[in-house]
Amino acid sequence: MRNEQRRTQVDRGKFIVFEGIDGSGKSTQIQLLTERLKKEGIYCYTTMEPTDSPIGSLIHQIMTGRIKTDNKAIAALFVADRMDHLLNDVNGIVAKISEGTTVISDRYYFSSYAYHSIDMPMDWVIQANELNRNLLQPTVSLFIDVDPDIAIKRIAQNRVHQELFEKKSRLVRVREKYYEAFKKLEDVENVIIVDGNQSQEVIAEEIWSKIGGYFI
């Protein structure tokens, strides 16, 4: 029985989550890590939240201002979208990881803890996501920490439409909330903080130096 449990743990894919305020450079680093893993012969599946599911599409419409609703409703929609992300029959990531695929996600529940706890108690947000956390906890959450001024400049350069949460004053508070969540959950979550104010290449090497051991 013990040998079977050990084999299952080895065969199970890794779940790598990238976190950060908007404009932190997550997308670029996900692409660079994916390319590196493929060179190492490790198949990986990349995904993001909100998803492109019907629930995720509704969230995108809210974030771009096409639909108006209360912040508590937005937080609840993220919980529902995350559950579908984990369990849907087409590309649910719990099944992928169980089959041995490494999954790299742009955002997971720490994003909800940080962004939504500005408008409601963080403990409420954590509790709302508890079932998702019980279903799948990240192997590691990589937080790319970037100065909000730099993030805003990147957003202005790269996006035509600014989303609901992409304002400097809010990003400053979101960054603070991330650190509050990391402190609150330091005994139960594996979080690695990376300096996102460096060059893309330096950040990528720092990330690999910290997580490469999970794959080699």
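The rules behind each value
Residues numbered from 1 in each chain as written. Predicted model: local features only at pLDDT ≥ 70, side-chain atom pairs only at ≥ 80, totals over all residues. Heavy atoms only, no water. Buried < 20%, exposed > 50% of the residue type's maximum accessible area, 1.4 Å probe, protein only. Helix = DSSP H or I, 4+ residues; strand = E, 2+ residues; numbered from the N terminus. Pairing = 2+ DSSP bridges. Axes fitted to C-alpha atoms, helices over the stretch in contact; angles between N-to-C directions. Parallel < 35°, antiparallel > 145°, perpendicular 65-115°, else oblique. Left-handed = near helix turned anticlockwise from the far one by under 90°. Contact = heavy atoms within 4.5 Å. Nonpolar A, V, L, I, M, F, W, Y, C, P; charged D, E, K, R; others polar. Phe/Tyr/Trp six-rings, centres within 6.5 Å; stacked < 30°, edge-to-face > 60°. Patch = residues over 30% accessible without salt bridge, like charges linked within 9 Å, V, L, I, M, F, W, Y side chains within 5 Å. Areas by Shrake-Rupley, 256 points an atom, 1.4 Å probe, with all protein chains shown as cover. Salt bridge = Lys/Arg side-chain N within 4 Å of Asp/Glu carboxyl O. Arc of directions from axis to C-beta. Polar contact = N/O pair within 3.5 Å; in protein donor to acceptor, adjacent residues only side chain to side chain.

Caption draft 1: The pairing of strand S4 (residues 140-145), seen in detail. The element S4 is extensively covered by neighbouring structure, given that six of its six residues are classed as buried. The pairing of strand S1 (residues 15-19) with S4 spans four bridges and is parallel. If you follow Glu19 over to S4, its bridge partner there is Phe143. When S4 meets strand S5 (residues 191-195), the two strands line up parallel, connected through five bridges. The residue of S5 that forms the bridge with Ser141 is Val191.

Caption draft 2: The packing of helix H3 (residues 54-63) against helix H4 (residues 71-87), seen in detail. Here H3 crosses H4 at 150 degrees, and the two axes come no closer than 9 Å. Taken together, the axes of H3 and H4 lie roughly antiparallel to each other. For the element pair H3 and H4, the recorded crossing hand is left-handed. Here H3 contributes Ile55, Gly56, Leu58, Ile59 and Ile62 to the contact with H4, which in turn contributes Ile74, Leu77, Phe78, Ala80 and Asp81. Tallied by class, residues from the contact of H3 with H4 come to eight nonpolar, one polar and one charged.

Caption draft 3: Seen up close, the packing of aromatic side chains. Counted under the stated rule, the structure contains 13 aromatic pairs. Ring centres of Tyr108 and Tyr109 lie 4.5 Å apart, and the angle between their planes is 35 degrees; on these two criteria the pair is classed as tilted. For the pair Tyr108 and Tyr109, a shared accessibility class is recorded, and that class is buried. Site record: aromatic cluster; members linked through ring pairs are Phe15, Tyr108, Tyr109, Phe110, Tyr113, Tyr115, Phe143, Tyr178, Tyr179 and Phe182.

Caption draft 4: View of the pairing of S1. Of all five residues making up S1, five are buried, and the element is well covered by its neighbours. Side chains of S1 alternate between two faces, with Phe15, Val17 and Glu19 and Ile16 and Phe18 buried alike.

Caption draft 5: Inspection of the side chain of His85 at higher detail. Along the chain, His85 turns up in helix H4. Judged by relative accessible area, which is 4%, His85 ranks as buried. Ignoring sequence-local partners within four residues, the contact set of His85 consists of Thr47, Met48, Glu49, Thr51, Asn91, Gly92, Ile93 and Ser105.

Caption draft 6: Just a nonpolar patch on the surface, in detail. A cluster of nonpolar side chains, Leu87, Leu131 and Leu135, forms an exposed patch at the surface whose accessible area comes to about 260 Å². Classification of Leu87 by relative accessible area gives partly exposed; the value is 43%.

Caption draft 7: Molecular detail of helix H9 (residues 148-158). By the burial criterion, the buried members of H9 are Pro148, Ala151 and Ile155. Buried residues in H9, looked at end-on, bunch into an arc of 55 degrees, giving them a common side. Across H9 from its buried face, at more than 90 degrees, point the exposed residues Lys153, Ala156 and Gln157. The secondary structure elements touched by the buried residues of H9 are helix H10 (168-184). For H9, the N-terminal cap is Asp147; the gap from its side-chain oxygen to the backbone nitrogen of Asp149 is 2.7 Å.

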